[in-house]
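Below, each chain spelled out in residue letters.
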Amino acid sequence: MDIQRRAKDALLRLASQFPVIGITGPRQSGKTTLAKMTFPQKKYVTLDDKEMRTLAAANPNDFLQAFPDGAIIDEAQKVPEIFDAIKYTVDKQKYEPGKYILTGSSQFKLKENMTDSLAGRASFLRLLPFSLRELKEAKLLPQNPYDLIFKGFYPPLYDSEKNFLPDDWFESYIDTYLDLDVKEHITQANLSTFKKFIQICALYSGQLLSMESISKNLGVSSPTVKQWLSILESSFIIHFLEPDTNNLGRSIVKTPKLYFTDTGLLCHLLRLESKEDLLLSPYKGAVVESFAVAELLKGRYNKAKKAQLSFFRDAKGFEVDTIADWKHTYAIEIKSNSDTEAKLSANTRKYVSLRSDTNCQGAVFYLGDITCSINGIQYVGWRDWDSLT
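Residues numbered from 1 in each chain as written. Predicted model: local features only at pLDDT ≥ 70, side-chain atom pairs only at ≥ 80, totals over all residues. Heavy atoms only, no water.

Turning our attention to the confidence of the model for the chain. Of the residues in the chain, 98% have a pLDDT of 70 or more, and the chain-wide mean is 91. Taken element by element, the predicted model of the chain shows its lowest mean pLDDT in helix H6 (residues 107-117) (76) and its highest in helix H13 (residues 263-269) (98). (pLDDT = per-residue confidence, 0-100. Helix = DSSP H or I, 4+ residues; strand = E, 2+ residues; numbered from the N terminus.)

So, in structure tokens, the structure goes:
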């Protein structure tokens, strides 16, 4: 079944202003499907096709003339010459918003080429895997949130014609990611170490980043860890939350927190083989927190907005999981509890009171079914974790 993507409206908005739109996001997040669904009238061409790739590389300007009304160009990064040709065409002809929609599985090359050649002419839309709201609207949400958390949100896992098992699919996904995305950025000898590095990073999801600890566990230098983290971040496998800069007159930590953007991949890397394993795992709380942060990211990215998420922790250990600095500021605690216990809101209440800011509101994300307000704090059931964005 076709699942309608929430990012469609934002894509149309950007395409009404910029002549070139790049859709970025992790491999298999549905970028090409979104482009074709949003612009069904546009010609579609993939440079995965050897013949098309040869034609485009031989004479990119003539190649583009075959698509006078523009096109969706998939795997555009495979012919770097195409970007200068697009720039030339856009500058030469009458300004035509939304003429070219570029997608590609290699985020590094696509964004690098677009940034270098199409500055001022292009805009980007980030697309993560399915969101809670998208699955909810498609009536695909399970009754138990842990079924969803364990399975994750990648579109192929929801394709009824393919019947993928998550464990098998994620194993293949990691191998493909290493072969097609990572191999160009590290030496062949380091590929197996990089795979182990991804697994070690999974142990830190929801925690303060410690490059020294990862370096020690992996047996590689801290600069190498830093470089490899940037690869994971650039390919949307992980996301960093920076510390909240509103330090309330307190000493605060300066280290970011690391989060995986898909809980199914995270569970696979943690070697959890079932929902029951997840429920009994010491990483359960961190996985739930990663789930919530990923949904907040999707809500923002699907509107083509910057994340503007941080966290608060002072030198004494007082912490609020997530600070969302949007039209209203939300101080959000994330809990794996399924009941609206008063103690769940203690930290967010304290943070709101310290801010003395009428624009700052408190919220508790929990795994219950009811969304309600209790003494000025919003308790948000898991099915509504997209409601604040």
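Moving on, there is more to tell.
What follows is about the environment of Phe 67. Within the element layout of this structure, Phe 67 appears in the loop between helix H4 (60-65) and strand S3 (71-74). Considering only alpha carbons, one finds Phe 67 and Glu 242, 175 residues apart in sequence, at a separation of 43 Å. When residues no more than four places from it in sequence are discounted, the contact partners of Phe 67 are Lys 43, Val 45, Lys 99 and Tyr 100. (Contact = heavy atoms within 4.5 Å.)

Right, let's get into unusual backbone geometry. Peptide bonds are trans in most cases, and residues, glycine excluded, mostly fall at negative phi. For Lys 139, which is not a glycine, the phi torsion comes out positive at approximately 60 degrees. Within the element layout of this structure, Lys 139 appears in the loop between helix H7 (132-137) and helix H8 (145-151). Taking the relative accessible area as the measure of exposure, Lys 139 reaches 75% and is therefore exposed. (Buried < 20%, exposed > 50% of the residue type's maximum accessible area, 1.4 Å probe, protein only.)

Right, let's get into the side chain of Thr 348. Position of Thr 348 among the secondary structure elements: in helix H16 (residues 346-355). Among the residues examined, Thr 348 registers a relative accessible area of 0% and is labelled buried. With near-sequence residues (within four places) excluded, Thr 348 lies in contact with Ala 331, Ile 332, Glu 333, Gly 362, Ala 363, Val 364 and Ile 377.

Here Thr 103 lies in strand S4 (residues 100-103). Overall, Thr 103 belongs to the buried group, its relative accessible area being 0%. A distance of 2.6 Å separates polar atoms of two side chains, one belonging to Thr 103 and the other to Asp 74. With residues up to four places along the chain from it excluded, the contact list for Thr 103 reads Ile 23, Lys 31, Thr 32, Ala 35, Ile 73, Asp 74, Glu 75, Ala 76, Gln 77 and Leu 110. (Polar contact = N/O pair within 3.5 Å; in protein donor to acceptor, adjacent residues only side chain to side chain.)

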